[in-house]
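# Residue-level structure breakdown
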Amino acid sequence: MKTISDLNLKDQRVLVRVDFNVPLSDQFQVTDDTRIRATIPTIHAIMNAGGRVILMSHLGRPKGKPDPSMSLKHIVAKLEELSGKKVLFAEDCVGEQVVEMSKNLKNNEILLLENLRFYDEETNGDRAFAEQLSRNGDIYINDAFGTAHRAHASTAIIADFFPDSKAAGLVMAAEIDNVGKVLREQQHPVTAIVGGAKVSSKIDILQNLIPKLDHLIIGGGMAYTFIKAQGGNIGKSLVEDDYLETARNILSSAKELNVQVHLPVDSMNSDSFSNEGERSVSPAGEIGEQLMGLDVGPKTLEKLRTVIESSKTILWNGPMGVFEFSNFETGTRTVAHYIAQATDNGGFSLVGGGDSVAAVKKFDMQDQVSYVSTGGGAMLEYLEGKELPGIKALD
Ligand code: AMP
């Protein structure tokens, strides 16, 4: 796959699919600019190579028709501030006027197009719409890893109209590169830490990862299904009774492949699903009938320390407990610290595809791990071993 440095961008109109699907306040101010910030190096790289930058994105779910509350014009001021460049705004994403604006763009100016999802054709992957979009550029760059799992007009279909002039942007290239370090170029020991709410949403990941692992750490709500599957009492903890057999199968396939599985040995319990619940610790399989496990316990964390800190490749997907409640965040926070230590020891750590990304941000530890993925659903599907249409289209 080509990246931007493989193409001659001089005096070319470079049409970039970015992910500016950012949260807005009631006053239409950007409340989290992470995704915009992430694309700035790509924008600058194109400009430094003499290219003209035309950006297209979706924002929210406008259901195929214009909705002023989801206009990308709300992003203009933030984009100007972060890029240090003048940003022109096109009130549509297709049509003669937009093409004209793209042709009149000057050096050091950015053209931002209106929300792609004001047209149903975008999410439907409509070919004629993709062709219309393609007229806004001479070169196509996809830097929206977060939507790479969708075969939309701007993320996949459009690439057909740029057979020799398409490439991955820096965000996309970094995501592919970093997942590659976890899935392909691994340094052993390799550890996956999988948590979060449900086993059902993590089965494909577990099945794809197990053959590549030395250690599998299971935590969060999903751990209680595993504990029950082994005959433990889990009280009112989160459980998926339909997945007890699946949990047993996962454990036996890990055993066959010599993967060490680490389930919680103790649990931090509560008498209600709230931050104010009465806390108590018990062995993981001896949770009182009226209690629910909301975090892993202290003995579990002590056992995990050496496993994590001596790992050379770590993937973390999903929190160890209900980290949104400060009284039940210790497991997630402590695991984040172990991962930071492993990273400091020279290991490679990737946090991606689940609420562990939100946890790392909450603890302000983004800089203490090797890589935090920007693409939730896309990263999940990538880790599940699926082919992502947005990446395939660039090949
Ligand atoms: P996921 O998106 O699958 O990574 O799941 C993340 C969610 O799982 C978070 O909102 C956590 O609050 C929730 N979670 C983690 N541990 C537990 C638990 N022991 N009981 C209930 N929910 C949990």
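Above this text you will find the structure in question.
Within each chain, residue numbers correspond to sequence positions counted from 1 in written order. Per-residue local features are limited, in this predicted model, to residues with pLDDT of at least 70; the limit for side-chain atom pairs, both in listing and counting, is 80 or more; totals at the level of whole chains, interfaces and linings are taken over all residues. Note that the side-chain values use all heavy atoms of the structure and ignore hydrogens as well as water.

Further remarks concern the pairing of strand β5 (residues 139-142). Exposure classes here rest on a 1.4 Å probe applied to the protein chains alone. A residue is buried below 20% of its type maximum, exposed above 50%, and partly exposed in between. Helical segments are the DSSP runs of H or I of at least four residues, strand segments are the runs of E of at least two, and each set is numbered from the N terminus. Residues Ile 139 and Ile 141 point to one face of β5 and Tyr 140 and Asn 142 to the other, with burial holding for every one of them. Strands pair, by our definition, only if DSSP identifies at least two bridges between them. By the bridge criterion, 4 bridges tie strand β1 (residues 13-17) to β5 in an arrangement that is parallel. Residue pairing across strands places Leu 15 opposite Tyr 140, the latter belonging to β5. With 3 bridges joining them, β5 and strand β6 (residues 166-168) adopt parallel strand pairing. Residue pairing across strands places Asn 142 opposite Ala 168, the latter belonging to β6.

By convention in these notes, a salt bridge is any Lys or Arg side-chain nitrogen within 4 Å of a carboxyl oxygen on Asp or Glu. The final tally for this structure, using the stated rule, is 16 salt bridges. With a shortest N-O distance of 3.6 Å, Glu 309 and Arg 305 are connected by a salt bridge. Pair noted here: Glu 309 and Arg 305 are both in helix α10 (residues 298-309), with a separation of 4 residues, about one helical turn.

Within the secondary structure, Thr 332 is located in helix α11 (residues 330-344). For this analysis, a polar contact is any N or O atom pair within 3.5 Å, provided that within protein one partner can donate a hydrogen and the other can accept it, and provided that sequence-adjacent residues contribute only side-chain to side-chain pairs. Here the side chain of Thr 332 touches Gly 321 through a polar contact of 3.3 Å, landing on its backbone nitrogen. When near neighbours in sequence (up to four residues on either side) are disregarded, Thr 332 contacts Asp 295, Trp 316, Pro 319, Met 320, Gly 321, Phe 323, Ala 359 and Phe 363. Only heavy atoms enter the contact rule, under which two residues are in contact if any of them lie within 4.5 Å.

This part is about the packing of aromatic side chains. Each Phe, Tyr or Trp ring, with Trp reduced to its six-membered ring, pairs with another whose centre is within 6.5 Å; inter-plane angles below 30 degrees give stacked pairs, above 60 give edge-to-face pairs, and intermediate values give tilted ones. Evaluated as defined, the whole model comprises 4 aromatic pairs. An angle of 50 degrees between the planes, with centres 6.2 Å apart, marks the rings of Phe 145 and Tyr 382 as tilted. Taken together, the residues span a long stretch of sequence, with Phe 145 in the loop between β5 and β6 and Tyr 382 in helix α13 (residues 376-383) at a distance of 237 residues. On the accessibility criterion, Tyr 382 (12% relative accessible area) is buried. Between the aromatic rings of Phe 273 and Phe 325, the centroid separation amounts to 5.1 Å while the plane-to-plane angle is 65 degrees, which identifies the pairing as edge-to-face.

Let's shift gears to the site of the ligand. Not every one of the 16 residues close to the ligand is listed here, only the nearest: Ala 197, Gly 221, Gly 293, Gly 321 and Glu 324. Lys 202 is positioned with one of its side-chain polar atoms (N or O) 3.2 Å from an oxygen atom of the ligand. In the environment of the ligand, a nitrogen atom lies 3.0 Å from a nitrogen or oxygen atom belonging to the backbone of Gly 221. Contact with the protein chains removes 82% of the 500 Å² of surface that the ligand exposes when unbound. Class assignment of the residues belonging to the shell around the ligand gives a composition of 7 nonpolar, 6 polar and 3 charged. Residue proximity to a molecule or strand is established when one non-hydrogen atom of the residue lies within 4 Å of it. A 1.4 Å probe and the Shrake-Rupley method give the accessible areas. Residues count as covered only by the protein chains that appear here. All amino acids are sorted into three groups, where Ala, Val, Leu, Ile, Met, Phe, Trp, Tyr, Cys and Pro are nonpolar, Asp, Glu, Lys and Arg are charged, and the leftover types, Gly among them, are polar.

On to the sheet that holds β1. Strand order in the open sheet formed by 6 strands is β3-β4-β2-β1-β5-β6, with parallel pairing between adjacent strands. Since the sheet does not close on itself, it has two edges, and those belong to β3 (86-90) and β6, each with one partner. Taking the axes of each pair of neighbouring strands and ignoring which way they run, one obtains an average angle of 25 degrees across the sheet. Looking at chain direction, strand β2 (residues 52-56) and strand β4 (residues 109-113) are connected through 3 bridges and run parallel. Bridged to Leu 55 within β4 is Leu 112. What counts as an axis is a line fitted to C-alpha atoms, over the stretch in contact for a helix, and the angles between N-to-C directions run from 0 to 180 degrees. Sitting on the sheet, helix α2 (residues 76-83) touches β2, β3 and β4, and the angle it makes with β3 is about 150 degrees.

Purely geometric numbers; function is a separate question.
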